[in-house]
Amino acid sequence: MPRFRQILDTMAAYKPGKAVVAPDGRSYKLSSNESPYDPLPSVVEAIAEGARQIHRYPDAGSVKLTEAIAERFGVPAGHIALGAGSVTVAQQLFETIGDPGAEVVYAWRSFEAYPLLADLAGVTSVQVPLAGEDHDLDAMAEAINDRTRMVFVCNPNNPTGTAIRRAELETFLDRVPDDVLVVLDEAYREYVRDEDVPDGLTLYRDRPNVAVLRTFSKAYGLAGLRVGYVIAAEPVATAVRKTTVPFAVNHLAQVAAIASLEAQDELLERVEHVVKERTRVREALISQGWTVPPTEANFVWLRLGERTPAFAAACAVEGVAVRPFGVEGVRVTIGSPEDNDAFLAAAQAFRD
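The rules we used
- Residues numbered from 1 in each chain as written.
- Predicted model: local features only at pLDDT ≥ 70, side-chain atom pairs only at ≥ 80, totals over all residues.
- Heavy atoms only, no water.
- Helix = DSSP H or I, 4+ residues; strand = E, 2+ residues; numbered from the N terminus.
- Axes fitted to C-alpha atoms, helices over the stretch in contact; angles between N-to-C directions.
- Parallel < 35°, antiparallel > 145°, perpendicular 65-115°, else oblique.
- Left-handed = near helix turned anticlockwise from the far one by under 90°.
- Contact = heavy atoms within 4.5 Å.
- Nonpolar A, V, L, I, M, F, W, Y, C, P; charged D, E, K, R; others polar.
- Salt bridge = Lys/Arg side-chain N within 4 Å of Asp/Glu carboxyl O.
- Buried < 20%, exposed > 50% of the residue type's maximum accessible area, 1.4 Å probe, protein only.
- Core = buried A, V, L, I, M, F, W, Y, C linked by side-chain atoms within 4.5 Å.
- Phe/Tyr/Trp six-rings, centres within 6.5 Å; stacked < 30°, edge-to-face > 60°.
- Lys NZ or Arg CZ within 6 Å of the ring centre and 35° of its normal.
- Pairing = 2+ DSSP bridges.

Re unusual backbone geometry
Note that the residue after Trp108, namely Arg109, is joined by a cis bond; omega there is 20°. Looking at where Arg109 falls in the secondary structure, it is placed in the loop between β3 (103-108) and α4 (113-121). In this structure, Pro156 follows Asn155 across a cis peptide bond, with omega equal to 0°. Structurally, Pro156 is set in the loop between β5 (148-154) and α6 (166-175). Notably, Arg226 is not glycine yet its phi reads approximately 65°, a positive angle. One non-glycine residue, Phe247, lies in positive phi territory at about 60°.

Written out as structure tokens, the structure is:
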């Protein structure tokens, strides 16, 4: 029997959101925070045209996509590093600081991949409990010590949807030592409507230890193609690029991401529809008697405690797949109006 790393005996593999089917064939997948919309015609056209070149290796440096991102956000191309989805870029970030004894601080509960990535990188996780449904930034700052190499701040937070406002975040950043990298994980940035929640790109320019992590999977609807990126000071971006697997971002992913940036206005119209549905769903749940924290992402969070498995099972019977987290709560993606109505009916039936 081959010998493997001991950490593999104790770590749990990542579990993606699942689809379920009701006895009558209905199925509403609200477990993975995906866009409810089909790709834009212009993006599909770009992918179809790009398919003519898949016998060639993709551009290893993703030069055209890097230039398009740089132009879109007004940042230097040297400040950008790409990977196969933001979770892979996060893995690269862990690898850049993964020396023996290194620690990474993050809130818990937050994105479920953080512990997995830390374990794989040989980094020690320091999980700081949420204060209610929010980051406890004071406690996170106090958890930083000489072994801390990186801090992850998921804003808005997955799975609670809550977001940190500018004054609080800036105060926290002021407390972080300059040699500790702070990663602002902004996978859901396009859904933010609270003007007090800062765009991380307005913070990183004056803070060389701040990196902004983003994705094309959510608002841009390219979850199946895997494109993510980090924007940070050049030394950080350079370090991340060194950890990139060769040809990590495939050719179709690159052309689809470029086409999506060119179709920015159309995509943001779709995002606005999701935001309106988010408001409708949250208000309907509150009227049913549920406690739902304010959310700036494309999902809502219900802290159900011991009722979590039963609630998820009751939704599944109606063909609605939600994302349960142990005995803590469920995260429910905002889907199409039809999807959302099916979920609201299941939530009401559970209370009745």
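Moving on, there is more to tell.
Observations concerning the packing of helix α1 (residues 41-50) against helix α9 (residues 251-262)
Any two packed helices are characterised by the angle at which their axes cross and by the distance between the axes. Axis separation between α1 and α9 bottoms out at 9 Å; the angle between their running directions is 150°. With respect to α9, the element α1 is oriented roughly antiparallel. When you trace α1 past α9, the crossing you get is right-handed. From α1, Ser42, Val43, Ala46, Ile47 and Gly50 reach across to α9, where they touch His251, Leu252, Val255, Ala256, Ala259 and Ser260. In terms of residue class, the contact of α1 with α9 is built from seven nonpolar, four polar and no charged.

Comments concerning the pattern of salt bridges
Taken as a whole and assessed by the stated rule, the structure comprises 20 salt bridges. The partner of Asp341 in a salt bridge is Arg280, and the shortest N-O contact between them spans 3.0 Å. Taken together, the residues span a long stretch of sequence, with Asp341 in helix α12 (residues 337-351) and Arg280 in helix α10 (residues 264-288) at a distance of 61 residues. On the basis of relative accessibility, which here comes to 39%, the residue Asp341 falls in the partly exposed class. Judged by its relative accessible area of 31%, Arg280 is partly exposed. A network of salt bridges, in which partner residues are shared, links Asp24, Arg26 and Glu318.

Brief notes about the nonpolar core
In terms of nonpolar packing, the biggest core is built from 50 residues, with Leu65, Ile69, Met140, Val151, Phe172, Phe216 and Ile231 touching the most fellow members. Filtering out sequence-adjacent residues up to four positions away, Ile231 remains in contact with Ile69, Phe73, Val75, His79, Ile80, Leu201, Tyr204, Val210, Ala211 and Val212. Formed by 31 residues, the second largest nonpolar core is a distinct cluster that contains Leu304, Val322, Val332 and Phe343.

Brief notes about the packing of aromatic side chains
Applying the stated criterion across every chain, the model contains 15 aromatic pairs. Their ring planes at 75° and their centres at 6.3 Å tell us that Phe311 and Phe343 sit as a pair that is edge-to-face. Taken together, the positions of Phe311 in helix α11 (residues 308-317) and Phe343 in helix α12 put the pair 32 residues apart, joining distant regions of the chain. Residue Phe311 shares its accessibility class with Phe343, and that shared class is buried. Feature note: the residues Phe94, Tyr106, Trp108, Phe111, Tyr114 and Phe152 constitute an aromatic cluster, connected by ring pairs. Arg331 extends its terminal NZ or CZ atom over the ring of Phe299, reaching a point 5.8 Å from the ring centre.

Description of the sheet that holds strand β8 (residues 228-232)
Within the open sheet, the seven strands sit side by side as β2-β8-β7-β6-β5-β3-β4. Their pairing is mixed. Of all the strands in the sheet, just β2 (80-83) and β4 (124-129) have a single pairing partner and so form its edges. Within the sheet, the average angular offset between the axes of one strand and its neighbour, ignoring direction, is 25°. By the bridge criterion, six bridges tie β3 to β4 in an arrangement that is parallel. Residue pairing in the sheet places Val104 in a bridge with Ser125 of β4.

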